[in-house]
Structure formats: C-alpha cells, structure tokens
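Given next are the chains, with one letter for each unit.
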Amino acid sequence: MSYASLMVAVDDGLHAAQRIRLAADLAHRLGTRLVGVAACVPDYPRGYGETAVPMGSAIEDIRQAALTRLAGFEQIFREAACRSDRVEWRSDLDHPVRFLEQQARAADLVVVGRYAQNEGVSLGAAVDLGDVLMELGRPVLVVPPGVERMEAKRIVVGWKSSPQTRRAVWDAMPLLRRAETVEVVRVNDGEDASEIEDVARYLALHDVKAVPRRVAASGWTAAEELQRAAVEADADLIVTGAYGYSRLREWFFGGVTRDLLADASVCSLMSH
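Residues numbered from 1 in each chain as written. Predicted model: local features only at pLDDT ≥ 70, side-chain atom pairs only at ≥ 80, totals over all residues. Heavy atoms only, no water.

The protein chain has the name Universal stress protein UspA in an unreviewed UniProt entry, where Methylobacterium phyllosphaerae is given as its organism. The annotation that UniProt attaches to the protein chain under Sequence similarities (unreviewed entry) is "Belongs to the universal stress protein A family." (UniProt positions renumbered as here; feature names shortened; annotations may be inferred.)

Here is the structure:
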C-alpha cells in the first residue's frame, strides 16, 4: 500500500503557506502527486439565491471579487508547493468543505490546517475540521499552526479498539512502514495488555517497527497522555481514530478527537 495522491486544503490564512510546504515536502518524499484545493462562497447579500435581489452589476462584482480571492489562493499554493514535482490546482465558488469533499475522490490523504486565533482566513473560505473528518471519507492529516515539516520518523499510534482506530492504522500504513519507530500506546484502563501487543505484532507483519506501550492513567485526559507520549518518543505524528463518540457528545463532555484538534502541538492523522 502506498499513497499516490495527496490533497491539501488551501486558503489565505496566516499559516496556509507552512501547511502547503509540509504537504509538498511529504509528497516529494513519497513520490506522489499534490493537489491544491480551495473554494469560497461569494459574499452575496442575504437572501440572494433564495429570493430574487435585483442588484444588477453589483452581484457580478461580488462574484469577481471571490474569483480574485481564489486566484490569490492559487498563487499561495504554487509558491509554497515548489518542493513538489507534480502539482495540480482545483478551485470553485462553493462551500469549502463541500467542494473538498467532492475533490477528495482523487486523494489518498487530505491535509488540512488547524487555525490559530489570528489566522485571518477570508470570509467564506474557512474549513471546519470536524466537518472534514465526518464527511470526507478519507484519512485526514491535521497540521497545527506554525508546523511546516513532518518527518514521521517516530510515530505514536493512539490505540483504542474501535472501527475508527483500526481504519486509521490501515490508512497510515505508508507512513508507518517508513518510520524508524512506532509506539502503539494505550492509556491504562484495566484491560489486558495483550491487545496492543497483538497490534504491534500485526504491524510487524507489514514491516512496521512497532512496540506496544501502556500508559498509566494519571489524571490527565487521554489526549494529553498521547501528547506526552509523543513528546517522550520525540514523535511528530499521532495516528488515531476520529469521533468514536458522536460529535455532540464530544462537544459537551470532551473526547480525544476534540482535544487533539484543539491543542495538539504535532500533526495528527485521523480517520472516521
């Protein structure tokens, strides 16, 4: 198994170029195509498209302004993706998540960014990470703001016996096989350690240098324990399932996905 096509969500945010450089460097090292994708919704007057608003040429001016923004996004992409040998560009006047979902049919892995407080993405161009994880049907690599390179030589797998985690492990296999060390980490919940040992043995069958590691619960959240494990392993990638519970439950009560999306300082590869 290998990746043949990587896709990166593009906008004009403060850290967009760094995210693109990370994706371009990864595509270069893996020998894959890199596709830049962007969409934005024109800032039409409220009600336009639902009830007729006779604005004349003003509507076309708004549309042209949105197209100009997209042209700016493309320029950001092409300048930052110069590291990649094969690049493509796709854009449209559309809702950004909906358009990314449509284009994800041509991707093995989709790279998106977590926005900083001062990200400054243009109105109608921002991508919601929760929506992306739930709707794309592809593994998603979430890049924290300010990170522009991911070696993935040392990787932490946050293991939980769930369909989402099993899918994430398989989806990450091209990166896991290239890593120098992979730690299969499970926060101690009183269950038998043989489960993560079995996962490590399975990964070894796929030429992955994996070791099991149980982490004793210490009052930290599971996401915090995973981040601590990544720091101790000098890992710059966490692989885990996304939204094993409903998004609503995580919004109210918290969960690994929500916490990693909010706070992780290293990249996270997630599958739902």
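Asks: What's the story with the sheet that holds strand β5 (residues 140-143) in this structure? I'm lost.
Replies: Within a sheet, neighbouring strands are paired by backbone hydrogen bonds and run either parallel or antiparallel to one another. If you walk across this open sheet you meet the ten strands as β3-β2-β1-β4-β5-β10-β9-β6-β7-β8, and the pairing is mixed. The outermost strands of the open sheet, each flanked by one partner alone, are β3 (87-93) and β8 (210-215). For this sheet, the mean inter-axis angle between neighbouring strands, taken without regard to orientation, is 25°. As paired elements, strand β6 (residues 154-158) and strand β7 (residues 181-187) share five bridges and run parallel to each other. Bridge assignment links Val156 to a residue of β7, and that residue is Glu183. Seen against the sheet, helix α1 (residues 16-30) touches β1 (5-9), β2 (33-40), β4 (109-113), β5 and β10 (267-271) and runs at an angle of roughly 175° to β1. Along the sheet, helix α5 (residues 163-171) makes contact with β6, β9 (237-241) and β10, crossing β9 at roughly 140°. (Pairing = 2+ DSSP bridges. Helix = DSSP H or I, 4+ residues; strand = E, 2+ residues; numbered from the N terminus. Axes fitted to C-alpha atoms, helices over the stretch in contact; angles between N-to-C directions. Contact = heavy atoms within 4.5 Å.)

Asks: When you look at the nonpolar core in this model, what are you seeing that I'm missing?
Replies: In a soluble, globular protein the nonpolar side chains are often hidden away together inside. Among the nonpolar cores identified, the biggest contains 51 residues, and Leu141 and Leu237 are the most heavily contacted of them. Counting residues per element, this core draws most heavily on α1, which supplies seven residues. One finds Leu129, Leu133, Val215 and Tyr243 within the second-largest nonpolar core, a separate group that totals 37 residues. (Core = buried A, V, L, I, M, F, W, Y, C linked by side-chain atoms within 4.5 Å. Buried < 20%, exposed > 50% of the residue type's maximum accessible area, 1.4 Å probe, protein only.)

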